[in-house]
Amino acid sequence: MKTKIILATNNPGKTREFNTMLDSIFEVVSQKDMNVVEVPETGLTFVENALIKARNASKQSGLPALADDSGIVVDALKGEPGIYSARFAGVDASDEENTQKLLDSMSTVPDSKRSARFWCSIVYIEHENDPTPVIIQCGWEGKILRKKAGNNGFGYDPIFYVPSHGCASAELEPAEKNKISHRGRALEVLLNTLKIKE
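Heads up: these notes are all about the structure in this document. Quick caveat, the model's predicted, so the values are computed rather than measured.

Re the packing of aromatic side chains
- This structure, assessed with the given rule, holds four aromatic pairs.
- A ring pair is formed by Phe118 and Phe160, whose centres lie 4.5 Å apart and whose planes are at 50°; its orientation type is tilted. Residue Phe118 is found in strand β4 (residues 115-125), and its partner Phe160 is found in strand β6 (residues 160-162); the two are separated by 42 residues along the sequence. The exposure classification of Phe118 matches that of Phe160, with both residues buried.
- Of the aromatic side chains, those joined through ring pairs into one cluster are Phe118, Trp140 and Phe160.
- Across the ring face of Phe88, the terminal group of Lys101 is positioned such that the distance to the ring centre comes to 4.5 Å.

As structure tokens, this is what we get:
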């Protein structure tokens with residue numbers, strides 16, 4: 001029987017990606033489905049925010065929790081938007097608004113200086129006060145494009161150039177993206193780690 005876990009996100013794009021990758025091992029319920037009330041992400045790093053989200057979801061649901069905090073880190077912007085990726089253009093900003101703000105911020109940056117990476121920190125806890133959370137972190141190197149390309153994915157995918165595939169992340173098929181992305185690789189490591197723990 002699959003272990004039931006709560007996924008500490010309200011982001012439908014993330015929920016889809018996690019469900020696809022976790023379906024064989026876990027019965028995943030989203031915190032939205034369990035009416036979990038979100039708490040402020042007051043951490044200064046991706047790991048701190050993932051832990052805050054996981055502990056909150058586990059506390060309110062009584063289930064083991066999985067949380068990720070991820071975003072895009074742009075070298076020319078000294079690491080911005082970073083942990084503020086989802087609200088780069090404002091608290092309730094849309095993907096479109098965040099993407100446009102990043103393009104505008106990079107408008108004068110030459111092609112040779114447009115390096116960036118998606119970063120993902122995943123945390124898995126057995127219960128709210130788990131003293132030994134499983135923490136996995138992965139990056140995905142690329143560059144910021146000058147204009148959007150592709151219709152797949154979500155967030156900054158249309159402006160993130162993937163050198164290994166010669167296209168934007170949003171031009172990749174979902175299955176291919178899940179194999180090579182920051183979140184896909186972090187999840188793979190997490191699943192292997194949890195299998196060892198069993």
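Remarks on the pattern of salt bridges
- Scanning the model with the defined rule gives 10 salt bridges in all.
- For the salt bridge of Glu41 with Lys53, the shortest nitrogen-to-oxygen distance reads 3.8 Å. Of the two residues, Glu41 is situated in the loop between β2 (26-30) and α2 (46-61) and Lys53 in helix α2; the sequence distance between them amounts to 12 residues.
- Relative accessible area serves as the criterion here: at 25%, Glu41 is assigned to the partly exposed category.
- Exposure remark for Lys53: the relative accessible area of 12% places this residue in the buried category.

Here is what the cut-offs are and how they apply
Residues numbered from 1 in each chain as written. Predicted model: local features only at pLDDT ≥ 70, side-chain atom pairs only at ≥ 80, totals over all residues. Heavy atoms only, no water. Phe/Tyr/Trp six-rings, centres within 6.5 Å; stacked < 30°, edge-to-face > 60°. Helix = DSSP H or I, 4+ residues; strand = E, 2+ residues; numbered from the N terminus. Buried < 20%, exposed > 50% of the residue type's maximum accessible area, 1.4 Å probe, protein only. Lys NZ or Arg CZ within 6 Å of the ring centre and 35° of its normal. Salt bridge = Lys/Arg side-chain N within 4 Å of Asp/Glu carboxyl O.

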